[in-house]
Amino acid sequence: MSSLASRANPLLNSLPHFLTWRALGFRTICSGRLGFAPSDPDPPHAGTKVLETFKEEFEIGSRLITLETGKIARFANGSVVLGMEGTKVLATVTAAKGDSVRDFLPLTVDYQEKQFARCVIPNTFMRREGSPKERELLCGRIIDRPIRPLFPVGFYHEVQVMASVLSSDGKQDPDVMAANATSVALMLSDIPWGGPIGVIRIGRICGQFIVNPTMDEDKTLMIDVQAREILEKDLEAGLRLAHPEAVKYLEPQIRLAARAGKNKKDYKLSMVSEKTLEEVRNLAETQIESVFTDSSYGKFERGEALDNITQDVRRKLEEDCDEESLNVLPKAIDTVRKQVVRRRIISEGFRVDGRRLDEVRPLYCEAGNLPLLHGSSLFSRGDTQVLCAVTLGGPGDAQRMESLVGPPTKRFMLHYSFPPFSINEVGKRVGLNRREVGHGTLAEKALLAVLPPEDDFPYTVRVNSEVMASDGSTSMATVCGGSMALMDAGIPLQEHVAGVSVGLVSEVDPSTGEIKDYRILTDILGLEDHLGDMDFKIAGTRNGVTAIQLDIKPAGIPLDIICECLEHARKGRHQILDHMEREISAPRTQDDRNRPRIATLKFSNDVLRQLIGPLGAVKTKIEEETGARLSVSDGTLTIIAKNQIVMEKAQEKIDFMVGREIEIGGVYKGIVTSIKEYGAFIEFNGGQQGLLHISELSHEPVSKVSDVVSVGQQLSLMCIGRDVRGNIKLSLKATLLQPGQSKTNNVAEGPVPAMNETPKVWASVESVSNEQDEVKPMAELLVNRRVVSSTSSSPALLIRSVEECDEEEKSAGLSEDSNITSKTSQASKRNRKSKTNLPKNDDSHSPFPSSVIFSHTEDSLNNNEAEVEAPISAKNLKLGTKVTAKIYQIRRHGLVLDLGGGVRAMYRFETNGKREFELGNELRVKCTSFSSKGVPIMSLVDAY
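Residues numbered from 1 in each chain as written. Predicted model: local features only at pLDDT ≥ 70, side-chain atom pairs only at ≥ 80, totals over all residues. Heavy atoms only, no water.

Asker: What is the right way to look at the overall build of the chain in this model?
Answerer: For the chain, the helix and strand inventory stands at 20 helices and 35 strands. The proportion of buried residues among the 944 residues of the chain is 48%. For the chain, the accessible area works out to roughly 46,000 Å², and carbon and sulfur atoms hold 51% of it. (Helix = DSSP H or I, 4+ residues; strand = E, 2+ residues; numbered from the N terminus. Buried < 20%, exposed > 50% of the residue type's maximum accessible area, 1.4 Å probe, protein only. Areas by Shrake-Rupley, 256 points an atom, 1.4 Å probe, with all protein chains shown as cover.)

Asker: Looking at this structure, I do not really get the sheet that holds strand E12 (residues 384-393). What am I missing?
Answerer: Within a sheet, adjacent strands bond to each other through the backbone by hydrogen bonds, running parallel or antiparallel. Reading across the sheet, the five strands line up as E10-E11-E12-E16-E15 and stay open at both edges, with mixed pairing between neighbours. Each edge of the open sheet is held by one strand with a lone partner, namely strand E10 (363-367) and strand E15 (412-417). In this sheet, neighbouring strand axes are inclined to one another by 15 degrees on average, regardless of whether the strands run parallel or antiparallel. In the sheet, E12 pairs with strand E16 (residues 460-469) via nine bridges, with the strands oriented antiparallel. Bridging from a neighbouring strand, Ala389 pairs with Asn464 of E16. Contacting E10 and strand E11 (375-381), helix H13 (residues 559-583) crosses the sheet at an angle of about 35 degrees to E10. (Pairing = 2+ DSSP bridges. Axes fitted to C-alpha atoms, helices over the stretch in contact; angles between N-to-C directions. Contact = heavy atoms within 4.5 Å.)

Asker: Is there a simple way to explain unusual backbone geometry in this structure?
Answerer: Most peptide bonds adopt trans geometry, and most residues besides glycine take a negative phi value. Between Gly195 and Pro196 the backbone carries a cis peptide bond, its omega angle lying at 10 degrees. Here Pro196 shows up in the loop between helix H3 (174-188) and strand E7 (202-205). Phi is positive for Glu85, close to 55 degrees, though the residue is something other than glycine. Among the structural elements, Glu85 can be located in the loop between strand E3 (78-84) and strand E4 (87-95). A relative accessible area of 43% places Glu85 in the partly exposed class. For Arg127, which is not glycine, the phi torsion reads 55 degrees and is therefore positive. Take Arg127: it is sitting in the loop between strand E5 (107-112) and helix H2 (134-147). Judged by relative accessible area, which is 46%, Arg127 ranks as partly exposed.

Asker: Is there a simple way to explain a negative patch on the surface in this structure?
Answerer: A cluster of acidic residues, Glu301, Glu304, Asp307 and Asp383, forms a negative patch on the protein surface. Along the chain, Glu301 turns up in helix H7 (residues 299-319). With relative accessibility at 45%, the residue Glu301 sits in the partly exposed group. (Patch = residues over 30% accessible without salt bridge, like charges linked within 9 Å, V, L, I, M, F, W, Y side chains within 5 Å. Salt bridge = Lys/Arg side-chain N within 4 Å of Asp/Glu carboxyl O. Lys, Arg positive; Asp, Glu negative; His and termini not counted. Charge placed at Lys NZ, Arg CZ, Asp CG, Glu CD.)

Asker: I would appreciate a short explanation of the packing of helix H6 (residues 274-292) against H7 in the present structure.
Answerer: A pair of packed helices can be characterised by two numbers: the angle between their axes and the separation between those axes. Following both chains from N to C, one finds H6 and H7 inclined at 160 degrees, their axes separated by 10 Å at the closest point. Our classification of the angle between H6 and H7 gives roughly antiparallel. As for the relative orientation of H6 and H7, their crossing is right-handed in sense. Contact residues: Glu279, Leu283, Ala284, Gln287, Ile288, Val291 and Phe292 in H6; Arg302, Ala305, Leu306, Ile309, Val313, Lys316 and Leu317 in H7. Residue composition of the contact of H6 with H7, by class: 10 nonpolar, one polar and three charged. (Parallel < 35°, antiparallel > 145°, perpendicular 65-115°, else oblique. Left-handed = near helix turned anticlockwise from the far one by under 90°. Nonpolar A, V, L, I, M, F, W, Y, C, P; charged D, E, K, R; others polar.)

Asker: Honestly, the pairing of strand E2 (residues 63-69) in this entry has me stumped. Any pointers?
Answerer: The side chains of a regular strand alternate between both faces of the sheet. E2 sits mainly inside the fold: five of its seven residues count as buried. Bridge analysis of strand E1 (residues 54-60) against E2 gives seven bridges, and the strand direction is antiparallel. Counted as the bridge partner of Glu59 is Leu64 from E2.

Asker: Please clarify how the pattern of salt bridges should be interpreted in this entry.
Answerer: Pairs can form between side chains of opposite charge once their charged atoms are near each other. Following the criterion strictly, the structure yields 45 salt bridges and no others. Here Arg356 and Glu359 are joined by a salt bridge, their closest N and O atoms 3.8 Å apart. Given the relative accessible area of 51%, Arg356 is considered exposed. Among the ionic pairs, Arg519 bridges to Asp517, the shortest N-O distance being 2.8 Å. Residue Arg519 is classed as partly exposed on the basis of its relative accessible area of 24%. Three or more residues are tied together by salt bridges with common partners; here these are Arg351, Asp353, Arg355, Arg361, Arg381, Asp523 and Glu528.

Asker: Teacher, can you tell me more about the sheet that holds strand E6 (residues 159-167) here?
Answerer: Read from one edge of the open sheet, six strands run E1-E2-E3-E4-E6-E5, paired in mixed fashion. Only two strands of the sheet have a single neighbouring strand rather than two, namely E1 and E5. In this sheet, adjacent strand axes meet at a mean angle of 15 degrees when their direction is disregarded. Sheet contacts for helix H5 (residues 250-260): E1, E2 and E3; angle to E1, the most-contacted strand, approximately 175 degrees.

Asker: Sorry, what's going on with the packing of aromatic side chains here?
Answerer: Throughout the structure, instances matching the rule amount to seven aromatic pairs. Relative to Tyr267, the ring of Phe155 has its centre 5.3 Å away and its plane inclined at 85 degrees; by these criteria the two rings are edge-to-face. Ring plane angle 80 degrees and centroid distance 6.4 Å describe the contact between Tyr907 and Phe917, whose orientation is recorded as edge-to-face. Here Tyr907, found in strand E33 (residues 903-908), pairs with Phe917, found in the loop between E33 and strand E34 (922-931); they are 10 residues apart in sequence, far enough to count as distant. This pair shows no difference in class: Tyr907 is buried, exactly as Phe917 is. Members of the aromatic cluster, each reached through a chain of ring pairs, are Phe151, Phe155 and Tyr267. Over the ring of Phe418 we find Arg435, and its NZ or CZ is 4.3 Å from the ring centre. Positioned above the aromatic ring of Tyr888, the side-chain terminus of Arg904 is 4.0 Å from the ring centre. (Phe/Tyr/Trp six-rings, centres within 6.5 Å; stacked < 30°, edge-to-face > 60°. Lys NZ or Arg CZ within 6 Å of the ring centre and 35° of its normal.)

Encoded structure:
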């Protein structure tokens, strides 16, 4: 292949070697520089393109970081590839050539994560990446905030930063890498910039601070913090550790820029001359000062008065035909305003609205202001007002994430909206806004720290924050309003979370650039944010900080001042928490019938496929007929209903379609389908059937079944167990009062949940017992010596048809013994193995199944007690059997026991019982039940 120069001009081929660039000692033009090249003993062959690259390597923490330039994107003003292990990020910067007249820096930062970086094809219709995702917008903000203050004053040329991930190993988060790569690209470019900067991530894991933790480890120009109630002193320690680590990024950038960087260009700066500034100051300073010293002005009244002053100055300059001053009048007026406000705060200690420096604006809190919503609140601080609404959903409503790193779904979302009317402006609503996404994510981080764990609280939550009026710190108002709305929805928050914004006004020595005096402002106004040096947003509980975001305007603030702000924020946060707790101090209970209901039910995947139907038709029909929403995942059906009536309607519909999982001790309604000499067959919803024996019809002797029941009659029957062949045994007399017996002495009434697992209803902390997952003692579950099961999660019974029962009854006869023998327990185990839709153990905190079979009466337990000597086996272990066991494992909720012969058993700690055991100790235990998987459950008899 011929070289580019040969194709462009064939005459170059005839030039003598001593006239070529390389013969004269010049190197290839690369990165905008022309220099002498070292002698090359082995010159490249003809047609080979030479790319001169420059590389730097250094370590931060335990990570090796590489910087490489000159190979990729050479036409940009500056470009670099930053690598950390298998993750590589490309950053480029370009500047516009024109000199457009403007009074701001049009800096654009675009961060993009394309799916090729992790070898994945996008799962979109067009198989292309679409508009920027929330994470990409947030990463763009992380890059923008630290680099913006370092551009020269008056540099208003358009600058674009583009950072893209070239490859990702899933371990390193590319966001911090992109920020550092941008700093390197700016250093290499010809754009004037006051860098470099260094950006790192500090994580605290098991009490230890880690520099640049990996994604697996991680579940002061710009600071962004997400924490779980970290103390201010610990946060300060982390910041002081982070600063020297971030400085390690600077020297390699300077070395690389010295080797491969371009000379900085002389760009035209838009500056206000001293003459113009002095003239505007003489015309407007007195009037501006009178407005800012009058605390009776509101936000818009103050703005209108300042606009009138600007118009008066404009008319005066027009009379004098001062075109130069007219062109920069807005910038000059803003400079005078800034000087007046800052001088008054530093010298007198008073602010624009008359508050003291550490005073929070007046507060107004209201929870539950929209009672039809799942949760709502209205929060006002001064003129800033935010309306928050909470919506609850099932696991299927979780947001799907397509980022290169992090979890695939997100179950807690906070969406922040800033409509134009909140600042009395006219505008149109567009798509994702970088500011809205950033403020919403900050509030989301703050509240995420106090939400219950996902294992205990597997529901999707969406918080909508609608800004009704804005005069500073709307993101922190969102934190306060969101916390109250979550409690109003009955979500068991650990603590209330509040947020406050802290500002800074400083006086700088012009000769040295150092801060010689400063004032810290608590709860800043929008005007103080604009005219001040810092917007330090800090959110947290009474126990510590949960989220931080720091934005500054100068080119750096001393770390000591930043740490001093933490104490000011803590005092202001506690003032706000006092008001919030007076309005709502604990999650509301779910006793209101109009409040939302969420139930989680366990089914086999076969049953769930039946509920979904072809193309989801059955599921859609249920939702349309009941008004509830169904969410299906592996083995789990979640029902979301607006109120209890809708929930009951949906559960009844599901019962009718898939049938009920019959539980021992449960009372169910059924219809008599056929009558035999020995009893009647009863059918429940879903086609399930059971046998009502003649002996269970009444407390009085019955000679003929048809004298008591008839075909088509609806009855309420109790499931009392199974016979030796697994047939369901029903009882009518168990639901009736015995002659002379009062109702209070009978079996506890009320329907047992018809599903095979008690619905998990989202309730408040006050209405949920801490011991709800523990198995109750046998004595509490046996009522009046009748057959009763654990109502939390009993195993499903084997259902047989009438024909099967008739054939087996004729061949073997029907056992009328009301007590179930040990053979029944063994038959139950065999039946459980053949049943495909057994409920799964959902106790994520305990190794013990929560489903336990209690299929014996109290008398049978006493009669079946027996001593069994080794070797023990599953065959000779029966209910009531006493054995000597060794402690095999000690777990959180109980013990795993070794009975010998390869047989393992479980012992669950009793309430207020002994919990101190050692491995290998021998215990005397008795078999009291079997789990749904046939594991023996033991009780403690005595210990050696």
